[in-house]
Amino acid sequence: MNLWDEAEKITLLGVETYRFGCFVALGLVAAAAVIAFLSWAKRCKKGTAPLLSLCCMVLGGVCSRIGFCLMNQELGDSMPLGAWLQITGGGWSMIGLVGGAFLASLVTAALTRQKTAEMADITAVALPIFMVAERLGEGSIPDFDVSRALENDFLKGSFLAFTDLYDDAYLATYRLAAICMGILFAVLLADMIRGKKHGDTAALFLILYGAMTVILESLRYDRFLSITFVHLEQVLAAVVMLIGILLAGRGARKKKLRVAAVIAMFLAAGIAVGLEFALDRTTWNRILIYGVYVVVMAIPAVMGILLRKQRA
């Protein structure tokens, strides 16, 4: 197969291949290993791990590609159907992958006659470890998942930043995302070990991943899946977070907290739009803006986490 000349490549066992693809493959192997371990630890039915892993890869990949094709506006509109199957040219959506992976947990649960919530918990823990490898692999794609030029030299020369030919510094947001996903994996694994109710870990993933992604997508300035200053995956990340809050609130004893959490989420989304406008159209201090951003997203996230403890 002919490889794209502009893509970064490496040679493994005498075979030339894409560097990014190797990281994705590494992430898939790591996620499958996590699924296998958790399926064993949870005493799931025999065959659960390979079936869930296969469904996650297939449905995650399909939904990821569909999500990209629907949201990609490089030609002024969604991609033509004829280009959807041209996967060697790239183009994937992480939010689409998340949706496909949870769809895989539903399919696996139905086929093995196990609880969907339990399969979703296992999937939730495996997803971040895949994302760690995938995000690191994005470093092989030029000018992808990077920030605006930094306003000061605080991070210049650090692991999280890089400089261009003009000595301007930029935040390597793909590295920051990999770190965040690694932390999220540790948090979710610990939560699943301590958890007693199926579905709690999946809800926690949706809340924390959604909150993190809203901010991480704001930091990147590569215009990937964007319309003007609106990042489409950032909008969907807010929806993912809202779904997590709603799932966490099912059966919660304190109905007022559930209502307050939903209202807080909508308020946070509205404030986030204003902050994005400020980032794109004003000269306000960006560190201050992102400080407010973190607080704004943390409020509904904390309320959603508290809701989990109120479930009957």
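Residues numbered from 1 in each chain as written. Predicted model: local features only at pLDDT ≥ 70, side-chain atom pairs only at ≥ 80, totals over all residues. Heavy atoms only, no water.

A. Geometry of the overall build of the protein. From N to C terminus, the protein includes nine helices and six strands. On C-alpha atoms alone, the protein measures out to a radius of gyration of 20 Å, which is about the 20 Å that the 2.2 N^0.38 rule sets for 312 residues. With the principal axes as the frame, the protein shows a C-alpha extent of 60 × 50 × 40 Å. Within the protein, buried positions represent 47% of all 312 residues. Restricting to contacts in the protein with at least 6 residues of sequence separation, those with at least 24 account for 70%. Entry remark: accessible area of the protein is about 16,100 Å², with carbon and sulfur atoms responsible for 69%. (Helix = DSSP H or I, 4+ residues; strand = E, 2+ residues; numbered from the N terminus. Rg over C-alpha atoms; globule rule 2.2 N^0.38 Å. Buried < 20%, exposed > 50% of the residue type's maximum accessible area, 1.4 Å probe, protein only. Contact = heavy atoms within 4.5 Å. Areas by Shrake-Rupley, 256 points an atom, 1.4 Å probe, with all protein chains shown as cover.)

B. A look at the packing of helix H5 (residues 173–194) against helix H6 (residues 200–219). Running from N to C, H5 and H6 cross one another at 165 degrees; their axes reach a closest spacing of 10 Å. Classified by the angle their axes make, H5 and H6 are roughly antiparallel. For the element pair H5 and H6, the recorded crossing hand is right-handed. Residues Thr173, Leu176, Ala177, Cys180, Met181, Leu184, Val187, Leu188, Asp191 and Met192 of H5 lie in contact with H6, whose contacting residues are Asp200, Thr201, Leu204, Phe205, Leu208, Tyr209, Met212, Leu216 and Leu219. (Axes fitted to C-alpha atoms, helices over the stretch in contact; angles between N-to-C directions. Parallel < 35°, antiparallel > 145°, perpendicular 65-115°, else oblique. Left-handed = near helix turned anticlockwise from the far one by under 90°.)

C. Representation of the packing of aromatic side chains within the structure. Under the counting rule described, the total for this entry stands at seven aromatic pairs. Arranged with centres 6.0 Å apart and planes meeting at 20 degrees, the rings of Phe68 and Phe224 form a pair that is stacked. Of this pair, Phe68 sits in helix H2 (residues 48–71) while Phe224 is found in the loop between H6 and strand E5 (226–227), placing the two residues 156 residues apart along the sequence. Among the residues examined, Phe68 registers a relative accessible area of 7% and is labelled buried. (Phe/Tyr/Trp six-rings, centres within 6.5 Å; stacked < 30°, edge-to-face > 60°.)

D. A look at a nonpolar patch on the surface. Where nonpolar side chains cluster on the molecular surface, the patch consists of Leu28, Leu54, Met57, Val58, Val62, Ile66 and Leu70 and spans about 560 Å² of accessible area. Of the residues forming the nonpolar patch, the biggest block, six residues, is contributed by H2. Positionally, Leu70 belongs in helix H2. (Patch = residues over 30% accessible without salt bridge, like charges linked within 9 Å, V, L, I, M, F, W, Y side chains within 5 Å. Salt bridge = Lys/Arg side-chain N within 4 Å of Asp/Glu carboxyl O.)

E. Just the packing of helix H8 (residues 255–281) against helix H9 (residues 286–308), in detail. Running from N to C, H8 and H9 cross one another at 165 degrees; their axes reach a closest spacing of 9 Å. Accordingly, the angle class assigned to the pair H8 and H9 is roughly antiparallel. Remark: the crossing between H8 and H9 carries left-handed chirality. Grouping the amino acids of the contact of H8 with H9 by side-chain chemistry returns 22 nonpolar, no polar and three charged. (Nonpolar A, V, L, I, M, F, W, Y, C, P; charged D, E, K, R; others polar.)

F. Local environment of the pattern of salt bridges. Scanning the entire structure with this criterion turns up nine salt bridges. In this structure, the salt-bridge partner of Asp145 is Arg135, at a minimum N-O distance of 3.7 Å. With Asp145 in the loop between helix H4 (116–137) and strand E3 (161–163) and Arg135 in helix H4, this residue pair connects regions lying 10 residues apart in the sequence. The pair Asp145 / Arg135 is uniform in exposure class, with both members buried. Linked through salt bridges whose partners overlap, the residues forming this network are Glu134, Arg135, Glu138, Asp145, Glu217, Arg220 and Asp222.

G. Main features of the nonpolar core. With 75 residues, the main nonpolar core has Phe102, Met131, Phe205, Tyr209, Tyr293 and Met297 as its most contacted residues. The element best represented in this core is H6, accounting for 13 residues. Contact partners of Tyr209, with chain neighbours within four places excluded, come to Met94, Ile95, Val98, Met131, Met181, Leu184 and Val240. Of all hydrophobic cores here, the second largest spans nine residues; its members include Phe68, Cys69, Met71 and Leu232. (Core = buried A, V, L, I, M, F, W, Y, C linked by side-chain atoms within 4.5 Å.)

H. Broad picture of helix H3 (residues 94–112). In this model H3 runs 27 Å from its N-terminal to its C-terminal C-alpha over 19 residues, within 8% of the 27 Å that 1.5 Å per residue would give. If you check the start of H3, you find a side-chain oxygen 3.5 Å away from the backbone N of Ile95, and it comes from Ser93. Immediately downstream of H3, the backbone of Arg113 shows phi near 55 degrees, a positive value. (Expected span 1.5 Å × (residues − 1). Polar contact = N/O pair within 3.5 Å; in protein donor to acceptor, adjacent residues only side chain to side chain.)

I. Geometry of the side chain of Asp191. Topologically, Asp191 is positioned in helix H5. If we ignore the near neighbours within four places in the chain, the residues touching Asp191 are Asp200, Thr201, Leu204 and Arg308.

J. Just the state of the cysteines, in detail. In this structure the tally under the stated criterion is zero disulfides. Just so you know, Cys44 is unpaired, no disulfide at all, and the nearest cysteine sulfur is the one on Cys56, 13 Å from it. (Disulfide = S-S within 2.5 Å.)

K. Broad picture of the side chain of Glu138. Mapped onto the elements of the fold, Glu138 is located in the loop between H4 and E3. Excluding residues within four positions of it along the chain, Glu138 makes contact with Phe20, Phe144, Asp145 and Tyr174.

L. Examining H6 more closely. Along its 20 residues, H6 runs 29 Å from first to last C-alpha, staying within 8% of the 28 Å computed at 1.5 Å per residue. For H6, a buried count of 19 out of 20 residues is recorded, marking the element as mostly surrounded by other parts of the structure.

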